Amino acid sequence: MASLTPESAPASTGAADIRRAGREVLSLAFIDARNHTLGLLARFEQAEAGQKLVVPRLPALELPLWIAGNIAWLGEYWIGRNPNRYQGTSCPPGCVRLASIDPTADQLFDPALVPHAARWSLELPGYDAVRAYLLDTLETTLELLERTPDEDEALHFFRAALFHEDMRCEHLMTIAQAVGLPLQITLPGGLQPREPMLVPAQRWSLGARPGGFVFDVEKWAHSVDVPEFEIDAQPVTWGQYSEFVDDGGYDDPVHWQPEGWQWLQHEAGAEGRRGPRYVEQIGSASGAVLQMKFGKVARMPPSLSAMHVSWWEADAFARWAGRRLPTEVEWELAVHATERRGFRWGDVREWTASTLRPWAGYTPDAWSENTPFESQLLFGRARVQRGASFATRARLKYPKARGFALPERDEGFVGFRTCSL
């Protein structure tokens with residue numbers, strides 16, 4: 001059974017290398033990922049057995065048992081059942097598949113056949129059956145991996161399945177937080193105050209270059225002229241965010257974009273919202289930030305990064321502070337230019353000012369229709385997130401990784417930092 005303590009390796013350790021990993025490294029990573037999945041699944045199973053688990057039907061959530069089945073299904077669909085797996089990015093999405101080891105797998109776990117809202121009505125198999133499916137498909141994956149050439153295209157779907165599983169496990173962590181599942185998780189330590197950092201104007205290559213594994217939204221590298229800017233050395237803390245709340249930040253529409261203010265009024269009417277999600281009490285006047293942490297009310301130190309913040313809230317805070325959110329190219333450049341000077345990232349995912357759009361040369365990956373994020377549907381609507389959270393596996397903590405979410409989403413372990421105007 002895998003430990004549920006998130007990895008604490010430095011944010012960039014191994015992340016670039018795993019995208020180019022060969023058979024031996026991938027084999028070990030698959031075993032590690034599957035152990036992590038099984039460990040999380042066991043926690044949900046225990047809670048369900050004790051009748052303490054109810055996952056509401058909400059767009060941000062998912063049934064843990066369905067996620068586990070989907071992890072096994074995707075690996076089998078693109079590797080074990082795919083005679084064209086070695087073609088990699090050239091593999092046609094609709095190519096003929098072999099039969100699944102589970103005759104019901106497609107009807108249960110193929111997201112193209114089972115829309116999100118319909119998954120609560122499925123008669124899912126029990127935990128033992130899904131666990132067996134996870135183990136059987138892993139065995140097949142590892143056997144095929146041993147006979148796979150150490151080449152990018154041949155290894156493409158193996159890498160894709162690994163990263164899909166890691167992302168799904170982070171999603172399981174957000175669900176655990178949402179439903180109050182007790183997990184023994186140690187949050188990152190508080191931040192030592194540091195002055196904002198000045199980054200000189202320069203030309204930066206944004207996006208990924210060919211070679212290794214590349215997510216479709218990271219295609220392709222292109223040069224961007226970046227004017228000089230000043231950026232926070234660390235994400236905004238609870239102490240800083242409390243000042244925004246105390247100063248009436250949730251009462252004054254002047255700080256909010258019209259759509260954001262409309263979102264806030266809806267949230268306030270539904271649940272009396274006066275702070276980020278899961279916050280029970282906030283404000284420097286009260287002397288504490290109390291936030292639900294995996295089923296228990298916990299005191300958040302003022303020096304800890306604020307999290308579960310929507311993009312609307314992050315943008316409103318920046319406006320209140322007389323600053324702005326960084327663009328994604330500024331965030332990425334800052335990691336490169338100032339990390340040795342104390343630029344801290346990796347505690348929370350971070351909102352940027354950038355709207356998700358395809359870059360020149362973008363082509364959707366064959367497997368992307370089966371990932372938890374369907375980027376094609378969110379272009380022009382979602383905001384880009386950069387960085388990683390404490391719940392992100394270390395091998396995914398890559399400065400060039402490009403995440404995204406709709407601006408109202410706040411279930412993730414997401415914070416933000418600001419730039420000068």
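This text goes with the structure placed above it.
Trainee: Tell me about the overall build of the protein chain, residues and numbers included.
Mentor: Counting its secondary structure elements, the protein chain contains eleven helices and 13 strands. If one aligns the C-alpha atoms of the protein chain with their principal axes, the spans along those axes are about 60 × 55 × 35 Å. Burial statistics for the protein chain: of 421 residues in total, 56% are counted as buried. Across the protein chain, the fraction of contacts at a sequence separation of at least 24, relative to all contacts at a separation of at least 6, is 79%. If you sum the accessible surface of the protein chain, you get close to 17,800 Å²; carbon and sulfur atoms cover 52% of it.

Trainee: Can you tell me about the packing of aromatic side chains, naming the residues and giving the values?
Mentor: Here the structure, examined in full by the defined rule, presents 25 aromatic pairs. Ring centres of Y77 and W78 lie 5.4 Å apart, and the angle between their planes is 80°; on these two criteria the pair is classed as edge-to-face. Its guanidinium or amino end placed over the ring of Y86, R85 lies 5.0 Å from that ring's centre, counting from NZ or CZ. The aromatic ring of Y77 is capped on one face by R97, whose charged end is 4.0 Å from the ring centroid.

Trainee: Kindly report on the sheet that holds strand β6 (residues 289-293), identifying the contributing residues and their values.
Mentor: Spatial ordering of the open sheet is given by β5-β6-β7, a layout of three strands whose pairing is antiparallel. Either end of the sheet is taken by a strand with one partner, and the two such strands are β5 (279-281) and β7 (296-300). Each neighbouring strand pair of the sheet contributes to a mean axis angle of 35°, computed without reference to strand direction. Pairing between β5 and β6: two bridges, direction antiparallel. Across the sheet, the residue bridging to V279 is Q291, located in β6.

Trainee: Pulling in residues and values, what's your account of the nonpolar core?
Mentor: The biggest cluster of nonpolar side chains holds 97 residues, and the ones touching the most others in it are F44, W238, Y241, W367 and F416. Broken down by element, the residue count for this core peaks at 14 residues, all from helix α6 (residues 152-179). Contact partners of W238, with chain neighbours within four places excluded, come to P276, V279, I282, V289, Q291, M300, P301, P302, L304, S305, A306 and M307. If you look at the next biggest cluster of nonpolar residues, it comprises 18 residues, including I231, A233, L333 and W359.

Trainee: Give me the lowdown on the packing of helix α3 (residues 64-80) against α6, citing residues and values where you can.
Mentor: With their axes 10 Å apart at the nearest point, α3 and α6 run at an angle of 175° to one another. One way to sum up the angle between α3 and α6 is to call them roughly antiparallel. Here P64, W66, I67, N70, I71, L74, G75, W78 and I79 of α3 come into contact with α6, specifically with F157, F158, A161, H164, E165, R168, H171, L172 and I175. Across the contact of α3 with α6, the residue classes tally to twelve nonpolar, four polar and two charged.

Trainee: Break down unusual backbone geometry for me, with residues and values.
Mentor: Cis geometry marks the peptide bond from K219 to W220; its omega dihedral reads -10°. You can see W220 is positioned in the loop between β2 (202-206) and β3 (222-226). Although it is not a glycine, Y278 adopts a positive phi angle of roughly 75°. A residue is classified by how much of its surface remains accessible, and Y278, at 17% relative accessible area, is buried. You will see that F294, though not glycine, has its phi angle at about 50°, which is positive.

Trainee: Tell me about helix α9 (residues 311-320), residues and numbers included.
Mentor: Across the ten residues that make up α9, a large majority, eight, are buried. Listed as buried for α9 are W311, W312, E313, A314, D315, A316, F317 and A318. Where α9 is buried, its residues contact α7 (238-246), α8 (258-271), β8 (323-324), β9 (349-355) and β10 (383-387). Immediately downstream of α9, the backbone of G322 shows phi near 75°, a positive value.

Trainee: Tell me about the sheet that holds strand β12 (residues 414-415), and please be specific about residues and values.
Mentor: Read from one edge of the open sheet, four strands run β11-β10-β9-β12, paired in mixed fashion. Strand pairing shows two members of the sheet lacking a second neighbour, β11 (403-405) and β12, which therefore form its edges. One ladder, built from four bridges, connects β9 with β10; its direction is antiparallel. Bridge pairing in β10 places W351 opposite Q385. Contacting β9 and β10, α9 runs over the sheet at an angle of about 80° to β9.

Trainee: Tell me about α3, residues and numbers included.
Mentor: For α3, spanning 17 residues, the distance from its first C-alpha to its last is 23 Å, which sits close to the expected 24 Å at 1.5 Å a residue. Of all 17 residues in α3, 16 are buried, a share of seventy percent or more.

Trainee: Requested: an account of the pairing of β7, with residues and values cited.
Mentor: Pairing of β6 with β7, which is carried by five bridges, proceeds in the antiparallel orientation. Note on β7: the bridge partner recorded for Q291 is A298. Connecting β6 to the next strand, β7, in antiparallel fashion are two residues, including F294 with a positive phi near 50°.

Procedures and definitions
- The residue numbering used here restarts from 1 in each chain and proceeds along that chain's sequence as written.
- The predicted origin of the model limits local features to residues at a pLDDT of at least 70 and limits the giving and counting of side-chain atom pairs to 80 or more, whereas totals for whole chains, interfaces and linings rest on all residues.
- Excluding hydrogens and water, the side-chain figures rest on all heavy atoms present in the structure.
- Numbering goes from the N terminus for both helices and strands, where a helix is a DSSP run of H or I of at least four residues and a strand is a run of E of at least two.
- With a 1.4 Å probe rolled over the protein chains alone, any residue whose accessible area is under 20% of its type maximum counts as buried; one over 50% counts as exposed, and the rest are partly exposed.
- Residues are treated as being in contact if the distance between any of their heavy atoms lies within 4.5 Å.
- Exposure was quantified through the Shrake-Rupley algorithm and a 1.4 Å probe, taking into account, for residues, occlusion by the shown protein chains and nothing else.
- Stacked, tilted and edge-to-face pairs are distinguished by plane angle, under 30 degrees for stacked and over 60 for edge-to-face with tilted covering the rest, among Phe, Tyr and Trp rings (Trp via its six-membered ring) whose centres lie within 6.5 Å.
- Only when the NZ of Lys or the CZ of Arg is both within 6 Å of the ring centre and within 35 degrees of the ring normal is a charge said to sit over the ring.
- A pair of strands is labelled paired if DSSP reports no fewer than 2 bridges between them.
- Think of each axis as a best-fit line through the C-alpha atoms, taken over the contacting stretch in the case of a helix, with angles from 0 to 180 degrees between the N-to-C directions.
- Nonpolar core, defined: a set of buried Ala, Val, Leu, Ile, Met, Phe, Trp, Tyr and Cys residues in which side-chain atoms within 4.5 Å join the residues together.
- Here the angle decides the label: under 35 degrees means roughly parallel, over 145 means roughly antiparallel, 65 to 115 means roughly perpendicular, and every other value means oblique.
- The nonpolar class holds Ala, Val, Leu, Ile, Met, Phe, Trp, Tyr, Cys and Pro. Asp, Glu, Lys and Arg form the charged class, and all remaining residues, Gly among them, are polar.
- Between the first and last residue of a helix there are one fewer steps than residues, each counted as 1.5 Å, and that sum is the expected span.

Interpretation note: all reported values are geometric properties and have no functional meaning in isolation.
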